[in-house]
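Listed here are the chains, written in short residue letters.
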Amino acid sequence: MNSRHPMLCRSLVGACVSVALCAPSWAGDDSGFFEGSRTDLLLRNYYFNRDFRDHDGPKGQIEEWAQGFILKFSSGYTPGTVGVGLDAIGLFGLKLDSSRQVSGSELLPVHDDGRAADNFGRAGVALKARISATEFKLGELLPDLPLLRYDDGRLLPQTFRGAMLVSREIDGLGLQAGQYRAVSLRNSSDMQDLAAWAAPGVKSDGFNYVGADYRFNQQRTLLGLWHAQLQDIYRQSYFNLQHKQPLGDWVLGGNLGYFIDRDDGSARIGRVDSHTAYALFSAARAGHTLYLGLQKVSGDSPWMSVYGSSGRTLGNDMFNGNFSNAGERSWQLRYDYDFAAAGVPGLLAMVRYGRGDNATTKVGKDGHEWERDSEIGYTLQSGSLKNLSLRLNNATTRRSFNRDFDQTRLIVSYPLSL
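The rules behind each value
- Residues numbered from 1 in each chain as written.
- Predicted model: local features only at pLDDT ≥ 70, side-chain atom pairs only at ≥ 80, totals over all residues.
- Heavy atoms only, no water.
- UniProt positions renumbered as here; feature names shortened; annotations may be inferred.
- Helix = DSSP H or I, 4+ residues; strand = E, 2+ residues; numbered from the N terminus.
- Contact = heavy atoms within 4.5 Å.
- Lys, Arg positive; Asp, Glu negative; His and termini not counted.
- Charge placed at Lys NZ, Arg CZ, Asp CG, Glu CD.
- Core = buried A, V, L, I, M, F, W, Y, C linked by side-chain atoms within 4.5 Å.
- Buried < 20%, exposed > 50% of the residue type's maximum accessible area, 1.4 Å probe, protein only.
- Salt bridge = Lys/Arg side-chain N within 4 Å of Asp/Glu carboxyl O.
- Pairing = 2+ DSSP bridges.
- Domains from an automatic or database assignment.
- Buried area = accessible area lost by both parts, 1.4 Å probe.
- Phe/Tyr/Trp six-rings, centres within 6.5 Å; stacked < 30°, edge-to-face > 60°.
- Lys NZ or Arg CZ within 6 Å of the ring centre and 35° of its normal.
- pLDDT = per-residue confidence, 0-100.
- Patch = residues over 30% accessible without salt bridge, like charges linked within 9 Å, V, L, I, M, F, W, Y side chains within 5 Å.
- Areas by Shrake-Rupley, 256 points an atom, 1.4 Å probe, with all protein chains shown as cover.
- Polar contact = N/O pair within 3.5 Å; in protein donor to acceptor, adjacent residues only side chain to side chain.

The name recorded for the protein in an unreviewed UniProt entry is Outer membrane porin, OprD family, from Pseudomonas saponiphila. Taken verbatim from the UniProt record of the protein, the Sequence similarities (unreviewed entry) comment is "Belongs to the outer membrane porin (Opr) (TC 1.B.25) family."

Below, the structure is given as C-alpha cells:
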C-alpha cells in the first residue's frame with residue numbers, strides 16, 4: 001500500500017493474520033461449499049420524482065420508473081483448516097417509464113442524447129477464504145465500513161472491486177484492512193477508477209484502509225479507530241464512540257465521531273485540510289425514538305469521501321445531503337415510531353428536519369441549507385407475499401448554493417430465497 005502510514009497498514013494486516021494462525025483451527029462451515037450455500041433474489045420496483053422549484057432551469061422535473069433485479073449467491077466453505085468459497089452478484093435494471101425531458105434520476109444510465117438506457121446490468125464474483133474467525137475476500141464487493149459505505153439508494157447498489165480482510169478472533173474485537181481499486185456506480189454497468197466527491201473528475205489509483213472496533217459492556221459500548229487513504233488525493237483518520245444505556249423504560253444512546261482529513265501524496269485535487277465532528281444522541285421508549293444531531297466541519301475543505309459512496313457515517317446524513325461542506329455547521333431533529341408498539345408490526349414511520357449554515361462552496365461563502373424528510377414503510381408479516389415491503393418517502397430541500405426541489409420516492413421490494 002502506497003501510504004504515508006505504511007507501518008500502520010502493515011501492522012494491522014499482520015495482526016489479523018497472526019491472530020488467525022495462532023487461534024485454534026476449526027473447519028469453518030462444516031456444511032460444505034454447496035450445502036452451506038444461499039441464493040437470494042431481491043425484486044425492487046422504484047419510482048422517483050424530483051420537482052425543481054425553479055422551472056426556468058435546464059430541467060424543471062425529473063421523473064422515472066424502473067424495475068431492478070438483485071441476485072446474490074453466497075457459498076459455504078469447504079471443510080478443512082482453510083475453508084474456501086465463492087460469492088457472486090448479478091444486477092439488472094429495466095426502464096419502465098422515462099423520457100429525454102425527465103431523465104437523470106440515477107435509476108438508469110443516461111445516453112449522450114439525454115435518453116435513459118432501456119436496461120443495464122452487471123455481474124461480479126468474489127473468492128473468499130476463512131481460517132478460524134478470519135475471513136479474506138477478493139473480487140466484487142459491497143463494503144459497508146465507516147470510511148467507505150456502498151450506496152444502495154437507487155435501483156441497484158454500487159459495487160467495488162478489491163480485497164478485504166476481517167478478523168474477529170478475540171471476543172468483541174474486530175480488525176479490518178483492505179484495498180479497492182475500481183468502482184461501478186449505482187447507475188452504471190462499467191467499472192471505473194476511484195475519485196473523491198470533492199473532485200469527481202480527478203482519478204485515484206486505489207483506496208486503502210485499516211480499522212479496529214471493540215465492543216464491550218454487554219455490547220452496549222463501541223470504540224472505533226480507522227485510517228484510510230485515497231491515493232494521491234486524501235488521507236483520513238476517524239475516531240468513534242457509541243454507547244446505549246438503559247434507564248428505566250428508556251434507552252438513551254450516543255454516537256460521537258471525529259474525522260481528520262489531509263491531502264495525500266501528489267495531492268491531485270490540491271490541499272485538503274478539514275476536521276469534522278458530530279454527535280448524534282437518541283432517546284427511545286415504547287416504539288418512540290427521538291434523535292438530536294449536531295455537526296461541524298472545520299477547515300478549508302469539505303468532509304472527504306469516495307465519489308458515489310454513501311455518507312451514512314455522518315451524524316446528519318439525510319436523503320439528499322449530509323451538511324458536509326467546508327465550514328458548515330448543522331443540526332438535526334428526528335422522530336421515529338415503530339407501530340409494533342401499537343399492535344401493528346411491520347409499520348414504521350420517520351420524520352426529520354436538518355439545517356446548516358456557514359457553508360463554503362464553489363458558489364461562495366456563508367451558504368445555508370435545510371432539508372425536511374418523511375418516510376412511512378410497511379413490510380407484510382404473513383401470507384403468500386410475506387416480507388414484501390413498501391416505502392414512501394418525501395423530501396423538501398432548500399439551498400442558497402444550489403437549486404431547490406421537492407422529491408418523492410416509492411420503493412416496492414420483494415425478497416425471495418431461492
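(A) Representation of the overall build of the protein in the model. In terms of regular secondary structure, the protein is built from one helix and 22 strands. Seen along its three principal axes, the alpha-carbon backbone of the protein occupies a region of about 65 × 55 × 55 Å. Taking as baseline every contact in the protein between residues at least 6 positions apart, the subset at least 24 positions apart corresponds to 61%. Across the protein, the 45 positively charged side chains and the 45 negatively charged ones have centroids separated by 2 Å.

(B) Main features of unusual backbone geometry. Of note, the phi angle at Glu106 is positive, near 70 degrees, even though the residue is not glycine. Within the secondary structure, Glu106 is located in the loop between β3 (82–97) and β4 (119–131). Here the phi dihedral of Gln219 falls at roughly 70 degrees; this positive angle occurs in a residue that is not glycine. Its place among the elements puts Gln219 in the loop between β12 (207–216) and β13 (221–230).

(C) Representation of the nonpolar core within the structure. By size, the foremost hydrophobic cluster in this structure holds 29 residues, and its most contacted members are Tyr180, Phe207 and Tyr234. Mapped by element, the contributors of at least two residues to this core are β8 (159–167), β9 (173–184), β10 (194–196), β12, β13 and β14 (234–247).

(D) Representation of the pattern of salt bridges within the structure. Counting across every chain of the model gives 27 salt bridges. Linking Arg115 and Asp113 is a salt bridge whose minimum nitrogen-to-oxygen distance equals 2.7 Å. By relative accessible area, Arg115 is classed as partly exposed at 36%. The exposure class of Asp113 is partly exposed, given its relative accessible area of 35%.

(E) Representation of the pairing of strand β18 (residues 329–338). Sheet topology places strand β17 (residues 288–299) next to β18; nine bridges connect them, and they run antiparallel. Bridging from a neighbouring strand, Leu290 pairs with Tyr335 of β18. Note: β18 against strand β19 (residues 347–361), 10 bridges, orientation antiparallel. Residue pairing for β19: Arg329 is matched across the bridge by Asp357.

(F) Spatial organisation of the domain arrangement of the protein. If you check the domain split of the protein, you get domain 1 (31–131) and domain 2 (133–417). Computed over C-alpha atoms only, the centres of domain 1 and domain 2 are separated by 19 Å. Listed as interface residues are 51 residues of domain 1 and, on the opposing side, 42 residues of domain 2. On the domain 1 side of the contact with domain 2, Arg44, Tyr46 and Arg122 bury the most area, a combined 18% of that side's loss.

(G) How the structure looks around the packing of aromatic side chains. Scanning the model with the defined rule gives 13 aromatic pairs in all. The interplanar angle of 20 degrees and the centroid separation of 5.4 Å between the aromatic rings of Tyr214 and Phe216 together place this pair among those described as stacked. The class for Phe216 is partly exposed, based on a relative accessible area of 31%. Through a chain of ring-to-ring contacts, three or more aromatic side chains come together here, namely Phe160, Tyr180, Phe207 and Tyr209. Here the guanidinium or amino end of Arg352 rests over the ring plane of Phe319, the centre of that ring lying 4.7 Å away. The side chain of Arg403 reaches across the aromatic face of Phe52, ending 4.1 Å from its centre.

(H) A look at the confidence of the model for the protein. Of the residues in the protein, 93% reach a pLDDT of 70 or more, and the chain-wide mean stands at 93. Low pLDDT, under 50, characterises residues 1–13; the stretch is placed with 25 contacts to residues that sit more than four places away or in other chains. Counted against residues more than four places away or in other chains, residues 15–29, with its pLDDT under 50, gives 30 contacts.

(I) Spatial organisation of a nonpolar patch on the surface. A cluster of nonpolar residues, Tyr214, Phe216, Leu223, Leu241, Leu256, Phe281, Leu292, Leu294, Trp331 and Leu333, forms a patch on the protein surface that exposes about 830 Å² of accessible area. Among the elements of the structure, β12, β17 and β18 are those that each provide at least two residues to the nonpolar patch. Mapped onto the fold, Leu333 is located in strand β18. A residue is classified by how much of its surface remains accessible, and Leu333, at 43% relative accessible area, is partly exposed.

(J) Representation of the side chain of Ser330. Relative to the helices and strands, Ser330 resides in strand β18. Looking at Ser330, its side chain comes within polar contact range of the side chain of Asn316, at 2.9 Å. Once residues within four sequence positions are removed from consideration, Ser330 is found in contact with Gly293, Leu294, Gln295, Asn316, Phe323, Arg355 and Gly356.

(K) Geometry of the pairing of β3. Inspection of the sheet shows strand β2 (residues 61–74) paired to β3 by 10 bridges, in the antiparallel sense. Across the sheet, Leu71 pairs through a bridge with Gly90, a residue of β3. Both β3 and β4 contribute to a ladder of 13 bridges, which runs antiparallel. Bridge pairing in β4 places Gly83 opposite Arg130.

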